[in-house]
Amino acid sequence: MRGWRFIAQRALGGEILDWEVPLTLSSNPKRALSGPGSMAGTIEPEYARMLGADGRPVIQEWATKLYLEVDGHLRWGGIVTKIGYEGAKKTIECEGLSCYPTGIPFEDTLVSGDMIDPKDPNAGKDKNHDGYEDGTSPRRKIPKAPKPYPGPRIDVYDAFRAIWKHVQSRPYGNIGLRIDGHKLGEMLGAEDGKDPWRLEWWDTPDCGAALDSLAKDIPFDWLETHQWDGGGNQIEHRIRLGTPRLGRKRTDLRIADGENVAAVATPTGMSDDFANEVIVLGKGEGRKMARAQVHRFDGRLRRVATVADKTLSGDKALRTRGEQELAGRTMGVQIPMIQIWDHPNAAFGSWQLGDDVRLQLHLPWVGDVDVWHRIVGDEISADGLCTLELKRSDSFHY
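Residues numbered from 1 in each chain as written. Predicted model: local features only at pLDDT ≥ 70, side-chain atom pairs only at ≥ 80, totals over all residues. Heavy atoms only, no water.

### Some points on the packing of aromatic side chains
Let me state the cut-off plainly: Within 6.5 Å between ring centres, the rings of Phe, Tyr and Trp (the latter by its six-membered ring) count as paired, and their orientation is classed by plane angle as stacked under 30 degrees, edge-to-face over 60, tilted in between. Think of it this way: any DSSP run of H or I at least four residues long counts as a helix, any run of E at least two long counts as a strand, and we number them from the N terminus. The classification of residues rests on relative accessible area computed with a 1.4 Å probe and restricted to protein chains. Under 20% of the type maximum is buried, over 50% is exposed, and intermediate values are partly exposed. Here, a charge over a ring means that NZ of Lys or CZ of Arg falls within 6 Å of the ring centre while also lying within 35 degrees of the ring normal.
For the structure on display, the rule yields 6 aromatic pairs. When the centroid spacing of 6.5 Å and the interplanar angle of 45° are considered together, the rings of Phe160 and Trp222 count as tilted. Of this pair, Phe160 sits in helix α2 (residues 156-169) while Trp222 is found in strand β13 (residues 222-228), placing the two residues 62 residues apart along the sequence. The exposure class assigned to Phe160 is buried, which follows from its relative accessible area of 1%. A connected cluster of aromatic rings, assembled from ring pairs, spans Tyr157, Phe160, Phe220 and Trp222. Over the ring of Tyr132 we find Arg139, and its NZ or CZ is 4.1 Å from the ring centre. One Lys or Arg, Lys249, reaches over the ring of Trp372 and ends 4.5 Å from the middle of that ring.

### Things to note about the pattern of salt bridges
Operational definition: Here, a salt bridge means any side-chain nitrogen of Lys or Arg that lies within 4 Å of a carboxyl oxygen of Asp or Glu.
The full count for this structure, using the stated rule, is 23 salt bridges. The salt bridge partner of Arg31 is Asp378, with a shortest N-O separation of 2.7 Å. One end of the pair, Arg31, is in strand β3 (residues 24-32); the other, Asp378, is in strand β22 (residues 367-380), and 347 residues separate them in sequence. Linking Lys183 and Asp158 is a salt bridge whose minimum nitrogen-to-oxygen distance equals 2.4 Å. Residue Lys183 is found in the loop between β11 (177-179) and β12 (197-200), and its partner Asp158 is found in helix α2; the two are separated by 25 residues along the sequence. Owing to a relative accessible area of 24%, Asp158 belongs among the partly exposed residues under this scheme.

### Some remarks on the confidence of the model for the chain
What counts is decided by this rule: Per-residue confidence from the prediction method is given by pLDDT, with values spanning 0 to 100.
Averaged over the chain, the pLDDT score is 89; the fraction of residues at 70 or greater is 97%. Across the chain, the element-wise mean pLDDT spans from 75 in helix α1 (residues 45-48) up to 98 in α2.

### Let's talk about the pairing of strand β18 (residues 291-295)
We apply this condition: Between any two strands, at least two bridges found by DSSP are needed for them to pair.
On β18, burial follows the alternation: Ala292 and Val294 on one face are buried, whereas Arg291, Gln293 and His295 on the facing-out side are not. Where strand β17 (residues 277-281) meets β18, 5 bridges bridge the pair, whose relative direction is antiparallel. Residue pairing across strands places Ile279 opposite Gln293, the latter belonging to β18.

### A few points about the sheet that holds β18
Quick note on the threshold: Geometry is summarised by axes, namely lines fitted to C-alpha atoms with helices restricted to the contacting stretch, and by angles between N-to-C directions that run from 0 to 180 degrees.
Taking strand neighbours across the sheet as the criterion, the 3 strands line up as β18-β17-β19 in an open arrangement whose pairing is mixed. The outermost strands of the open sheet, each flanked by one partner alone, are β18 and β19 (304-308). The sheet shows a mean angle of 15° between the axes of neighbouring strands, direction not considered. Across 5 bridges, β17 lies against β19 in parallel orientation. Residue pairing across strands places Leu281 opposite Ala308, the latter belonging to β19.

### Structural notes on the side chain of His226
Put simply, the rule is: Nitrogen and oxygen atoms within 3.5 Å of one another constitute a polar contact, given that in protein one can donate a hydrogen and the other can accept it, and given that sequence-neighbouring residues count only through two side-chain atoms. Contacts are residue-level and defined by heavy atoms, with any inter-residue pair within 4.5 Å sufficient.
Mapped onto the fold, His226 is located in strand β13. A residue is classified by how much of its surface remains accessible, and His226, at 11% relative accessible area, is buried. Only 3.3 Å separates the side chain of His226 from the backbone oxygen of Gly77, close enough to count as a polar contact. Residues contacting His226, with those up to four places away along its chain left out, are Tyr67, Leu74, Trp76, Gly77, Leu97, Ile235, Glu236 and His237.

### So, α2
Here is the rule we go by: Every helix has an expected span of 1.5 Å times one less than the residues it contains.
Over its 14 residues, α2 runs 20 Å from end to end, which matches the ideal 20 Å to within 8%, given 1.5 Å per residue. Counting buried positions over the 14 residues of α2 gives 10, a clear majority of the element. Among all positions in α2, only Val156, Tyr157, Ala159, Phe160, Arg161, Ile163, Trp164, His166, Val167 and Gln168 are buried. If you follow the buried residues of α2, they end up packed against β8 (109-112), β11, β12, α3 (207-217), β13 and β14 (235-241). Its side-chain oxygen placed 2.9 Å from the backbone nitrogen of Tyr157, Asp155 serves as the N-cap of α2.

### Here we look at unusual backbone geometry
For the bond running from Ser137 to Pro138, omega is 0°, close enough to zero to count as cis. Inspection of the secondary structure assignment puts Pro138 in the loop between β9 (115-116) and β10 (149-150). Note that the residue after Thr243, namely Pro244, is joined by a cis bond; omega there is 0°. With respect to the secondary-structure elements, Pro244 resides in the loop between β14 and β15 (255-256). Despite not being glycine, Ser34 has its phi angle at roughly 60°, a positive value. Within the secondary structure, Ser34 is located in the loop between β3 and β4 (35-43). Looking at Ser34, the relative accessible area reads 25%, which means it is partly exposed. Although it is not a glycine, His129 adopts a positive phi angle of roughly 55°. Within the fold, His129 resides in the loop between β9 and β10.

This is the structure in structure tokens:
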């Protein structure tokens, strides 16, 4: 593990507790696109009893941030979420900081595109309903009541940030995570005010689920990162937001048999639930039910899948859901995971999650494969290997 070390930090306050935590990995540090990632390991019981300057254990559930530093760069960061026992050893499970909103309730109200019914300034002035203001001479005609109109709409990323701000503004909830400040350019809720987007305290028990729904339904990418701030011992935590996706097509990287491939997971073929047309049923009942239909005909017989999602009503949201379903039902051979050596053709750290890379492989029963896949997760190990979690590039539509 040359160049590797694990660093412990107090979750609230940011005090560095230990620069050399004796953690033995049982699960390699894993990063995930639009997810928190994970890491697990064990430590000896003697170390587990060590206390920080504040008198509390160095390793404590929901109180300790843990990082992997490789050659001076923070390659993984998260929070200790679970401690257990395995004989004489203590087991440690960690998740990325972005796991924190899961289970935290939203205690506010956030509405985008609601219909506003303005107050009528002349209400009650025409009690005899003759069209004129009571008691006026000469008689003054009552103007028509103002019509309802669509209210202001919120950019998707502003809503994402608002949820995170709410989570971190609560007592003992500031984990120091900064969210990118740019906008997506897509507004929540219908433009005509007939289908507002709402997030309300009585119906949102889980901020993590609300954030996940935003990223899935729109859709867009986000990525949790950690780095030294360039001075002192402070660590910066950031969530990068895609516009709407992160990563790019990497023509400068190459993953090929005989060069840098150590192992290939069993490829998955066409889904058993193949369909080249999807019908999505949304809110409403009977003739008034929201509905969208998408297809991707490719020379095969028409096969239709019908899915229901009663949370959706707008045409764009329904079609997005349909495209997501269609992508998983029409794609060809997919390589779910591949293990590669640290090699100049794709050196560790040369890619970012979200990048598209070209795979050139020979697979049993399939033959030669030359197809682009997107990196949606990675795991590094100290033996010079890295496992990439992949999805076919053509399964994404944004």
